[in-house]
Amino acid sequence: MSLAPNVYDAEPIPESARAEIDKLLKSGDLFRYTAPENAPVTLLEQDFAAHMGSRYALAVSSCSAALFLSLKALGLRPGARVLIPAFTFAAVPSAVVHAECQPVLCEVGENYRIDMADFAARLDDDIDAVLVSHMRGHTSDMAAIMALCDARGIPVVEDAAHSLGTVWDGRKIGTIGRVGCFSFQSYKLLNAGEGGIMITDDADLVARAVIMSGAYEHNWAKHMNEADPELEAAFAHWQNKLPLYNLRMGNLSAVIIRPQLDEIARRVRDGRTNHDYVADRLNRSAFLHVPDKLAKEERAPDSIQFNLIGMTEDETRAFAAAAAERGIKVQVFGLSTDNARAFWNWQFIPGDMPDLPRTRAMLMRACDVRLPARLTRAELDYIAGALVMAAQDVMGEARAYGT
Ligand SMILES: *Cc1c(COP(=O)(O)O)cnc(C)c1O
């Protein structure tokens, strides 16, 4: 194959979405609260909650909105300190700032996961809530995180934006903390262009989030598909007491997402197979290393991250250029200008930026390449070959096969 594969295009939306889209176009019924019952957004919430095995789901305009609402629904006071990993997308500290809380960053190791010693140390620095971001689907040690937080009564929100389908110790990611949040932005497992959803088993928390998402007056009644006295009491309690942020999802997004739920298992299976196949090839190079996942984690990747070994900053830039020449775009998180995943660019966080040498060192040599589930074996071979040869271009044949 001479041409590099396109790793940015999405998969087509399942054909079965068309009939529902057509119905919406004919009726013009795009607002989730117009129909008395069974609006597409409501059905999506029911299906998603059932898929995850959680009691409640609330669909909203983005995962950022879900994270923001989670923090608001926890009732954190303004200025509350929220511990987040220093390796994540800028949307995460942004949601914390939006909720009038203070992001506190903790170190992330060279395996892209929370450095548990640093996490434990910072947890005792007046932390009010923890927002675990499973960045690029990499799961940190959730058993250790939950044990530390439960012992202190600190609530945990899971940012599972990019982790749908990941399993930790037999439990679905997003169901382990008090709330789990997912994204339907186009680069995530389910694609609606934009959108998000939060899941929880906590009736009071979801009642608060539903109202703040924009269920004005008694629209919250449309969130009870069956009698739920606990939830109804919570809605009644919070009626008129919370601001409305209007972060609702529209029906058109919901009908695009719903038929994709049936695709989750295949996308997860193929994404994992593709990732592990390319990882195995990269790990045979002396200059590339894909860190192991944690033992209790079953991954659902749609991209691959790997570290460069023994390359200077100049050699790292030369490697990215050599890969680009072969048609493969490599993002080195810490090297591209204004990268939204490099914590030093989050200058909107109030206060001094902490020095996080471990995370910084990781970001300066960690590479990111998209690897969607739809790629064929030939396309994976092209990508892996291009990366291995780019490293050899820069570091030299002799050294590649030397030690
Ligand atoms: C995509 C992403 C987000 C933001 O999701 P949106 O739906 O675009 O707001 C947050 N965290 C992580 C880890 C992400 O990958």
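Basis of the calculations
Residues numbered from 1 in each chain as written. Predicted model: local features only at pLDDT ≥ 70, side-chain atom pairs only at ≥ 80, totals over all residues. Heavy atoms only, no water. 1 Å grid on protein atoms, 1.4 Å probe; cavity = no way out; pocket = protein on both sides within 12 Å on 5 of 7 lines; lining within 4 Å. Points joined across faces, edges and corners; volume = space filled by probe spheres on them. Nonpolar A, V, L, I, M, F, W, Y, C, P; charged D, E, K, R; others polar. Core = buried A, V, L, I, M, F, W, Y, C linked by side-chain atoms within 4.5 Å. Buried < 20%, exposed > 50% of the residue type's maximum accessible area, 1.4 Å probe, protein only. Contact = heavy atoms within 4.5 Å. Near = heavy atom within 4 Å. Polar contact = N/O pair within 3.5 Å; in protein donor to acceptor, adjacent residues only side chain to side chain. Areas by Shrake-Rupley, 256 points an atom, 1.4 Å probe, with all protein chains shown as cover.

Q: Just to check I follow, could you spell out empty space enclosed by the protein for this structure?
A: The gaps left among the atoms become clear once a water-sized probe is rolled over them. Taken as a whole, this structure holds two cavities of 30 Å³ or more when the rule is applied. Computed from the structure, the largest cavity encloses a volume of approximately 220 Å³. Lining the largest cavity are 16 residues; nearest its centre among them are Glu11, Lys188, Leu189, Arg267 and Pro372. A class-by-class count of the residues in the lining of the largest cavity yields six nonpolar, three polar and seven charged. Surrounding the second largest cavity, Arg136, Gly137, His162, Ser163, Leu164, Leu189, Ala300, Pro301 and Asp302 form its lining.

Q: What should I look at first to understand the nonpolar core in this one?
A: The nonpolar side chains of a soluble globular protein tend to be buried, and buried together. In terms of nonpolar packing, the biggest core is built from 61 residues, with Val82, Leu131 and Met198 touching the most fellow members. With sequence-adjacent residues up to four places away left out, leucine 131 is seen in contact with Leu67, Leu71, Val82, Leu83, Ile84, Pro85, Val92, Val96, Val157 and Asp159. Within the second largest apolar cluster, 42 residues are counted, among which are Ala49, Leu190, Met249 and Ala254.

Q: Honestly, the site of the ligand in this entry has me stumped. Any pointers?
A: If you check the shell around the ligand, you find 14 residues, and the closest are Cys63, Ser64, Asp159, Ser183 and Lys188. Residue cysteine 63 places a main-chain N or O atom 2.8 Å away from an oxygen atom belonging to the ligand. In this structure, aspartate 159 approaches the ligand through a side-chain N or O atom, which is 2.7 Å from a nitrogen atom. The fraction of the free accessible surface of the ligand (380 Å²) that becomes covered by protein chains is 91%.

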